[in-house]
Amino acid sequence: MSACVPTRDDHSPRSSRPPRASGVKRPHSPPSPPGRGRFRVSGADLSASITVFLIAVPMSLGLAVAMDAPLAAGLVSAAIGGIVAGLLGGTPLQVSGPSAGLTVVTAELIQIYGWRTTCAITIGAGLLQILLGSLRAARSALAVSPAIVHGTLAGIGVAIALAQLHIVLGEAPRSSALDNALALPSRLEHFSPAAPGIGALTITLLVLWPRLPGRVGGALRKIPAALAAVAVATAVAAVATPGIARVDLPSWHSHALPEMPQGPVAALAAAVLTVTLVASLESLLAAVSVDKLAADRAAAPSRNGRKAPAPVRRSDLDRELRAQGVGNALSGLAGGLAISGGAVRSSANVRAGAESRAATVLHGLWVLLAAALLVTVLEWIPLAALAALVMVVGVQMVSFAHIRKVHRHREFLVYGATISGVLLVGVLEGVAIGIVVAVAVALHRLARTRITVTEQDGRYLVTARGQLTFLAVPRLSRMLGRLPQGVHAVVELDGFFMDHAAYETIQDWYAAQTASRGQIEFTGRSGGRIAEPASAAHSCCRPWTPWRNHHCHDRVQDAAPATADPTSHTVAPTAPVTVAGPVGERHGAHRLLSGLSSFQRTTAPLVREELARLAAEGQRPSQLFLTCADSRLVTSMITASGPGDLFTVRNVGNLVPPPGTGGDAGGDDSVAAAIEYAVDVLQVESITVCGHSGCGAMQALLGAAPETPRTPLWRWLRHGLPSLERMRSKHHSWARIAGRLPADAVEQLCLTNVVQQLEHLRAHGSVARRLAAGTLQLHGMYFHVGEAQAYLLTEGVSSGTGPDEVFARVAPEAVWSAAPGAEAPHVTADSPVGA
């Protein structure tokens, strides 16, 4: 129902939400239609391309140094990654280039096979990526446990940092991360201060440059930190240490191209698979991050009043994977490094204001021109500065935010095992170790079942926490066997799976107890009995429909005790509550207590932080939602809203008394007071009047006799008489619903009542003022309870200008297309309107 009731999914105030017509998309929202124009270059794209170019050149050279590859290969891969992957990729704002994640892998391949065979391996990895992208395997690649993915990247980052530290110290790195770590103490005892000094200066600038204070600092921060650090380090080295090791770009005439791979087939295949795996995961994770950055950037202008940038399409991950494959194949053919989407380059591209793939492509062209024309300038850069730059990149690959998330989800063992495997034995082996540990952890959790027995006043409570599999049967049998025969016991099953062995164990014990006149009750975590057949449990008790689960328990409570047996393998995963008194007596207050206890155990921990924020900041709802008091209308469910979203007023018949019918007139001012408070104090953006099918108030109006006693109910329902007169009037067309006439007079009155109450609403002074100022919207809505279907009053009708009263069906893909300030939305509906 997002078309009718927008909800906040973050902690930003109402004013920070993007306008409905702005076209802003959330991360991973449905893709927008691709543009149909020719390739255009905007000023923002040109500016962003220069920014990314200034970052990409030193980083590409630094990664080539870290891999012990020809320095020109870094520039080749940066140019091809920008131009080819930029043109063909499925993530318009992602910038591809030499892969930081493949630093350790490529360095090892060069040592074993040589540079030319490594280029051939890169070609093979590119072809495999094209095949995987054609098979639409990109999403499957992201299905790997995040602990394994981030553990792999963190392990590679640690290995990069250790290797580059040796170059910063003026020495060549060893062949493995372990050797680099073991050799580090001896290197720290004997080193020349020149290279470490330049490296320390570079790292200091990289860290402090984005934090420069003041107006001058703000101007300097526009220069990328990587460029500033390398440029300053180069200038200092030229003056202070002219003899320091520098970049040496060989002539392009001597540039090495690939050759046919030589070596064991199995080892070469493993190398191709490793390059494919790491490059693909790095690219796909970067693509997802770019989507989030682009969405956050698109939402930002509404906070500061700037013009919103054009919406960017969501990533097509399979297309991105194919583009990375083409880029790697061409990079290998041209004697370049393996490429992947880079988080550092891509985030800089987004933050620099890039609007399309033109920025990525232009950055590749600038790199190509620099490789041809700026060789002399690039050869002034000290190797220690590039090594320090890459070392910082490696350290940033170890994300403490990821570590906290992994720890919170109890996956740190998998994360640690993956890092250790990558550092000790290799990337592919580390991934395999991580997968094995993840499977072992999952099996341990599946097999871990805690069974306890407590006794109070002669009644026993047997609690089984976890899944009941054959692994838990010995403990289950032992604990159940300790209970005396003929016992009164409640068995609380807290899990969602029970295999056949556990089922038979419980069934045999239950049969023995009932034969001894024992009273056994089986409950889920909420204390509700599990007594209905498996089919009923399957169709009703669902963890994702907690608003319906209490009916399952109520229906079971009313069942006869003879039906209480463990005939179902289904265990309702709801919350535990103390069983107080015999089952079957849980009505009224007992039912209320059960629901409150379930909320405190399951829902309260999830919403406590948000409610605490709302309690501190006060309520700022976006909409006044005026609907009927009918118990079948669950407003938060049908509007997909949460705490703080709706200011809800419910009354019999969703009636809005016209002004002047309350107070001194002997009426009720409560609805008028709520309207005034919502409009003038809370400053809501819209008001929705929602009617529903089968409304008892409308039935009462239709069936009322002239001699009906003037009871409090009838005195209230008199505010619905204008709706009845409107329906019977010849001056108004009958309301229609999704292109058809109403099913009966009750439905017709329900629809007409919504339109009439909107007219009453406009007569209120506070509403009229806001409507005149264009800061308030009014919406009419009808909810068909039996169909679970919402209908919206179409544009023009709610303002009193339309000839007909048409309610359009809200489709699952319904969108806003009305401009801000319009009276009602256009609704994308799958039924004809006005037919």
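Being a predicted model, the structure only gives us computed values, none of them experimental.

1. Some thoughts on the overall build of the protein chain
Logical step 1: The secondary structure content of the protein chain amounts to 32 helices and 13 strands.
Logical step 2: Put simply, the protein chain shows about 38100 Å² of open surface, and 62% of that area lies on carbon and sulfur atoms.

2. Considerations on the pattern of salt bridges
Logical step 1: Per the counting criterion, the structure on display carries ten salt bridges.
Logical step 2: Between R116 and E259 there is a salt bridge whose closest N-O contact spans 3.9 Å. Here R116 is found in helix α4 (residues 115-134), whereas its partner E259 is found in the loop between α10 (225-240) and α11 (265-299), with 143 residues between them in sequence.
Logical step 3: R116 gets classed as partly exposed once you look at its relative accessible area, which sits at 40%.
Logical step 4: For E259, a relative accessible area of 29% corresponds to the partly exposed category.
Logical step 5: Of the charged contacts in the structure, one is a salt bridge between E617 and R620, with a shortest N-O distance of 2.8 Å.
Logical step 6: Take R620: its relative accessible area is 31%, and that puts it in the partly exposed class.
Logical step 7: One network of salt bridges, with partners in common, ties together E610, R613, E617 and R620.

3. Points about the pairing of strand β6 (residues 519-523)
Logical step 1: The buried count for β6 comes to four of five residues, which makes it a mostly enclosed element.
Logical step 2: Pairing geometry for strand β5 (residues 488-494) and β6, over five bridges, is parallel. Bridge pairing links A489 to I520 in β6.

4. A few points about the sheet that holds β6
Logical step 1: Spatially, β3-β4-β5-β6 is the arrangement adopted by the four strands of the open sheet, whose pairing is mixed. Strands with a single pairing partner mark the edges of an open sheet, and in this sheet they are β3 (450-456) and β6. The average angle at which neighbouring strand axes cross in this sheet is 15 degrees, direction not considered.
Logical step 2: Its contacts with the sheet place helix α21 (residues 473-481) against β3 and β4 (459-465), and it is angled at close to 10 degrees to β3.

5. Overview of the packing of aromatic side chains
Logical step 1: All chains considered together, the criterion is met by five aromatic pairs.
Logical step 2: Their ring planes at 45 degrees and their centres at 5.8 Å tell us that F647 and Y677 sit as a pair that is tilted. Residue F647 is found in strand β8 (residues 646-651), and its partner Y677 is found in helix α27 (residues 670-681); the two are separated by 30 residues along the sequence.
Logical step 3: The exposure class assigned to F647 is buried, which follows from its relative accessible area of 17%.
Logical step 4: A ring pair is formed by Y782 and Y791, whose centres lie 6.2 Å apart and whose planes are at 45 degrees; its orientation type is tilted.
Logical step 5: Relative accessible area serves as the criterion here: at 5%, Y791 is assigned to the buried category.
Logical step 6: An aromatic cluster is present here, built from Y782, Y791 and F807 joined pairwise through their rings.

6. Here's the deal with a nonpolar patch on the surface
Logical step 1: Taken together, the side chains of L178, L182, L424, V425 and I433 present a nonpolar region at the surface, about 460 Å² in accessible area.
Logical step 2: As for its placement among the helices and strands, V425 is situated in the loop between α19 (412-424) and α20 (427-447).
Logical step 3: On the basis of relative accessibility, which here comes to 48%, the residue V425 falls in the partly exposed class.

7. A look at the pairing of strand β13 (residues 806-809)
Logical step 1: Sheet topology note: the strand β10 (residues 736-737)/β13 ladder contains two bridges and is parallel. Bridge assignment links I737 to a residue of β13, and that residue is F807.
Logical step 2: Relative to β13, strand β12 (residues 789-793) runs antiparallel, the two being bridged by three bridges. Within the sheet, the bridge partner assigned to L792 lies in β13 and is A808.

8. Remarks on the packing of α4 against helix α13 (residues 317-333)
Logical step 1: Interhelical geometry of α4 versus α13 gives an angle of 160 degrees and a closest axis separation of 7 Å. The angle between α4 and α13 falls in the class roughly antiparallel. Helix-helix and strand crossings are classified by hand; for α4 and α13 the assignment is left-handed. Contacts between α4 and α13 involve C119, T122, I123, G126, Q129, I130, L132, G133 and S134 on the former and, on the latter, D318, L321, R322, Q324, G325, V326, N328, A329, G332 and L333.
Logical step 2: By residue class, the composition of the contact of α4 with α13 is eight nonpolar, nine polar and two charged.

9. Here we look at the environment of P58
Logical step 1: The topology assignment puts P58 in helix α1 (residues 43-67).
Logical step 2: Residue classification places P58 among the buried positions, given a relative accessible area of 5%.
Logical step 3: As for P58 and L227, which are separated by 169 residues in sequence, their C-alpha atoms are 7.1 Å apart.
Logical step 4: Excluding its chain neighbours within four sequence positions, the residues that come into contact with P58 are V230, L386 and L389.

10. Some points on the sheet that holds β12
Logical step 1: Ordered in space as β8-β7-β9-β11-β12-β13-β10, the seven strands form an open sheet in which the pairing is mixed. Taken across any chain shown, the strands that pair with only one partner, and hence form the sheet edges, are β8 and β10.
Logical step 2: Two strands pair when backbone bridges link them, and strand β7 (residues 623-628) and β8 are joined in this way by six bridges, in the parallel orientation. Bridge pairing in β8 places Q623 opposite L646.

11. Regarding the environment of V65
Logical step 1: The residue V65 is located in helix α1 in this model.
Logical step 2: Sequence spacing of V65 and I167 is 102 residues, and the spatial spacing of their C-alpha atoms is 9.2 Å.

12. Things to note about the nonpolar core
Logical step 1: Judged by nonpolar contacts, the single largest core of 66 residues is most densely connected at L61, I121 and V275.
Logical step 2: Setting aside chain neighbours within four positions, we find I121 in contact with L109, Y113, L268, A271, V272 and V275.
Logical step 3: Of all hydrophobic cores here, the second largest spans 44 residues; its members include C628, A678, M698 and V767.

13. Thoughts on a positive patch on the surface
Logical step 1: A contiguous patch of positive charge on the surface is contributed by K292, R404, K405 and R408.
Logical step 2: When residues in the positive patch are grouped by element, the largest group, three residues, is from helix α18 (residues 400-408).
Logical step 3: Mapped onto the secondary structure, R408 falls in helix α18.
Logical step 4: Given the relative accessible area of 57%, R408 is considered exposed.

14. Re the packing of helix α6 (residues 146-168) against helix α17 (residues 383-396)
Logical step 1: Where α6 contacts α17, the axes come no closer than 8 Å and their chain directions differ by 160 degrees. When the axes of α6 and α17 are compared, the pair comes out roughly antiparallel. Judged by the sense of rotation from one axis to the other, the crossing of α6 with α17 is left-handed. Only L383, A384, A387, A388, V390, M391, G394 and V395 of α17 make contact with α6, whose side of the interface consists of G157, V158, I160, A161, Q164, L165, I167 and V168.
Logical step 2: Residues that form the contact of α6 with α17 fall into these classes: 13 nonpolar, three polar and no charged.

15. Things to note about α19
Logical step 1: Relative to the 18 Å expected for 13 residues at 1.5 Å per residue, α19 spans 18 Å between its end C-alpha atoms, a close match to the ideal helical length.
Logical step 2: Those residues of α19 that sit buried are V414, Y415, G416, A417, T418, I419, G421 and V422.
Logical step 3: In the core, the buried residues of α19 are packed alongside α6, α18 and α20.
Logical step 4: Just downstream of α19 lies G426, where phi reads positive at about 135 degrees.

Conventions and cut-offs
Residues numbered from 1 in each chain as written. Predicted model: local features only at pLDDT ≥ 70, side-chain atom pairs only at ≥ 80, totals over all residues. Heavy atoms only, no water. Helix = DSSP H or I, 4+ residues; strand = E, 2+ residues; numbered from the N terminus. Areas by Shrake-Rupley, 256 points an atom, 1.4 Å probe, with all protein chains shown as cover. Salt bridge = Lys/Arg side-chain N within 4 Å of Asp/Glu carboxyl O. Buried < 20%, exposed > 50% of the residue type's maximum accessible area, 1.4 Å probe, protein only. Pairing = 2+ DSSP bridges. Axes fitted to C-alpha atoms, helices over the stretch in contact; angles between N-to-C directions. Contact = heavy atoms within 4.5 Å. Phe/Tyr/Trp six-rings, centres within 6.5 Å; stacked < 30°, edge-to-face > 60°. Patch = residues over 30% accessible without salt bridge, like charges linked within 9 Å, V, L, I, M, F, W, Y side chains within 5 Å. Parallel < 35°, antiparallel > 145°, perpendicular 65-115°, else oblique. Left-handed = near helix turned anticlockwise from the far one by under 90°. Nonpolar A, V, L, I, M, F, W, Y, C, P; charged D, E, K, R; others polar. Core = buried A, V, L, I, M, F, W, Y, C linked by side-chain atoms within 4.5 Å. Lys, Arg positive; Asp, Glu negative; His and termini not counted. Charge placed at Lys NZ, Arg CZ, Asp CG, Glu CD. Expected span 1.5 Å × (residues − 1).

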